[in-house]
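Descriptive analysis of the structure
Below, each chain spelled out in residue letters.
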Amino acid sequence: MIMSLISGDAPRSKILTLVLIAIFLGLALAPFLFPGVRSLDTAARIAIFIVLAASYDLLLGYTGVVSFAHTMFFGIGAYGVGLASQHMGRGFGALIVGSLSGALLAAALAFVIALFSLRVRAIFFAMITLAVASAVAVLVSQLSWLTGGEDGFTFKIPRALGPANRMGEFAGVKINGKLLNYYVVFFCSLMLFLLMLRVVNSSFGRVLQAIRENDFRAEAIGYRVVAYRTIATCLSAAIAALAGSLFALWLRYVGPDTTLSFAIMLDILLMVVIGGMGTIWGAAIGATLLVLAQTYLQDLMGSAAAATEAIPLLSRLLDPDRWLLWLGVLFILSVYFFPTGIVGRLRSGK
């Protein structure tokens, strides 16, 4: 049953299996294991960014296509939900229409970009996607009458998913709409993740890997390389847009900084590289580690700095304001010790 759910893609490592089980249980039981607004928000972000990183790995790790437009698709999905909720009201219908519209628009835009760009070599395609993503970010900022400009806008979600919807208490945890909202995000993210596992372990996914390894040989044996890359690009864009829809639903806000920022693109790249390219499981580990580091590393450094006040030099090095420096150091160490990513290293047993 479990092997069928994960499409036969076993972790193939006891340590990796335990880590993935811990991530799954931690997210599934987050409201009960880690009570508090901040921990719940962190868990929701991890679930969403696992999907976003996995959708990018479908493009980069499995197809070998380098793109810098992934946050653009993420933002399209988020704005789709936000605009639909603004104009259609706070019902579930608006959420569904906004999510599907955003996914379709993202797939259509990805198709247009791929149609004109995928025939060129990797670096040129990457530059084209970066230019398009930058243009869309500027356009969103300029269309303030529609998108709220640089400030973005808030919107209302169904009352059933709001904190005002109180439904009692269970195991010491208050059951309300915010908790229901979290589980909507969690289960939707889980379904999208399992869908991507199914895709990469299908015959379609095997062809993508063959194209990644040697596109000339794949074309020589009869596969239409550009067609497969185009389909992969559209699928990746649609899933990224759905992840953006979940992010907007959770925040009840959309804006350029939260959905279209190039910093998010860098985060996605780090997640994929740390976890391991060409493995959907790697996205789960990379996203979890990076989101946890971004959320709690500064606090941990503050505690460490207070504990080492007697050692001035060490205390200054551990100053919380230097958390980005240490995050960079951790990334360099992870790349050095795990050149194929954490999943690749654990699977190789070395």
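Just above, that's the structure.
What counts as what
Residues numbered from 1 in each chain as written. Predicted model: local features only at pLDDT ≥ 70, side-chain atom pairs only at ≥ 80, totals over all residues. Heavy atoms only, no water. Core = buried A, V, L, I, M, F, W, Y, C linked by side-chain atoms within 4.5 Å. Buried < 20%, exposed > 50% of the residue type's maximum accessible area, 1.4 Å probe, protein only. Contact = heavy atoms within 4.5 Å. Helix = DSSP H or I, 4+ residues; strand = E, 2+ residues; numbered from the N terminus. Expected span 1.5 Å × (residues − 1). Phe/Tyr/Trp six-rings, centres within 6.5 Å; stacked < 30°, edge-to-face > 60°. Patch = residues over 30% accessible without salt bridge, like charges linked within 9 Å, V, L, I, M, F, W, Y side chains within 5 Å. Areas by Shrake-Rupley, 256 points an atom, 1.4 Å probe, with all protein chains shown as cover. Salt bridge = Lys/Arg side-chain N within 4 Å of Asp/Glu carboxyl O. 1 Å grid on protein atoms, 1.4 Å probe; cavity = no way out; pocket = protein on both sides within 12 Å on 5 of 7 lines; lining within 4 Å. Points joined across faces, edges and corners; volume = space filled by probe spheres on them. Nonpolar A, V, L, I, M, F, W, Y, C, P; charged D, E, K, R; others polar.

1. Details of the nonpolar core
The biggest cluster of nonpolar side chains holds 100 residues, and the ones touching the most others in it are F73 and Y182. In contact with F73, not counting residues within four places along its chain, are A106, A110, A237, A240 and A241.

2. Quick word on helix α4 (residues 37-60)
Along its 24 residues, α4 runs 34 Å from first to last C-alpha, staying within 8% of the 34 Å computed at 1.5 Å per residue. Taken across its 24 residues, α4 has 20 buried, putting it largely inside the fold.

3. Points about the packing of aromatic side chains
Taken as a whole and judged by the stated rule, the model has 17 aromatic pairs. A ring pair is formed by Y182 and F186, whose centres lie 6.4 Å apart and whose planes are at 15 degrees; its orientation type is stacked. You can see Y182 and its partner F186 sitting in helix α9 (residues 177-200), four residues apart, about one turn around the helix. A relative accessible area of 0% places Y182 in the buried class. The exposure class of F186 is buried, given its relative accessible area of 5%. Ring geometry for F193 and W281: centres 5.5 Å apart, planes at 55 degrees, overall tilted. One end of the pair, F193, is in helix α9; the other, W281, is in helix α15 (residues 280-307), with 88 residues separating them in the sequence. You'll find F193 and W281 in the same group, each marked buried.

4. A word on the side chain of S7
Among the secondary structure elements, S7 is positioned in the loop between α1 (2-5) and α2 (14-28). Exposure remark for S7: the relative accessible area of 16% places this residue in the buried category.

5. Focus on a nonpolar patch on the surface
A grouping of I21, F24, L25, L29, F32, L33, F34 and F170 is seen on the molecular surface, where their side chains present a nonpolar patch of about 750 Å² in accessible area. Elements that contribute at least two residues to the nonpolar patch include exactly α2 and α3 (30-33). With respect to the element layout, L33 can be found in helix α3. Residue L33 is classed as partly exposed on the basis of its relative accessible area, which comes to 49%.

6. A short note on the layout of surface pockets
As a volume, the largest pocket reaches approximately 630 Å³. In terms of lining, the largest pocket is formed by 22 residues, of which the most central are I6, L20, F24, L190 and W281. Only α1, α2, α4, α9 and α15 provide two or more residues apiece to the lining of the largest pocket. Split by residue class, the lining of the largest pocket holds 20 nonpolar, two polar and no charged.

7. As for the pattern of salt bridges
Under the defined criterion, the tally for this structure stands at five salt bridges. Between D41 and R45 there is a salt bridge, with the nearest N and O atoms lying 2.9 Å from each other. Of the two residues, D41 and R45 both sit in helix α4, four residues apart, roughly one turn of that helix. Look at D41 and you get partly exposed, because its relative accessible area is 23%. When its relative accessible area of 27% is taken as the criterion, R45 is described as partly exposed. As a salt-bridge pair, D215 and R229 come within 3.4 Å of each other at their nearest N and O atoms. Taken as a pair, D215 in helix α11 (residues 215-220) and R229 in helix α12 (residues 225-251) lie far apart in primary sequence, 14 residues in all. Accessibility assignment for this pair places D215 and R229 in one class, buried.

8. A closer look at unusual backbone geometry
In this structure, S7 is a non-glycine residue whose phi angle is positive, near 60 degrees. Unusually for a residue other than glycine, R12 sits at a positive phi of about 60 degrees. Examined against the element boundaries, R12 turns out to sit in the loop between α1 and α2.

9. With respect to empty space enclosed by the protein
Applying the stated rule across the entire model yields one cavity of 30 Å³ or more. In this structure, the largest cavity occupies an estimated 50 Å³ of space. Around the largest cavity, the lining residues are L59, S67, A69, H70, F73, A110, I113, F125, T129, T233 and S236. Here the residues of the lining of the largest cavity are counted per class, giving six nonpolar, five polar and no charged.

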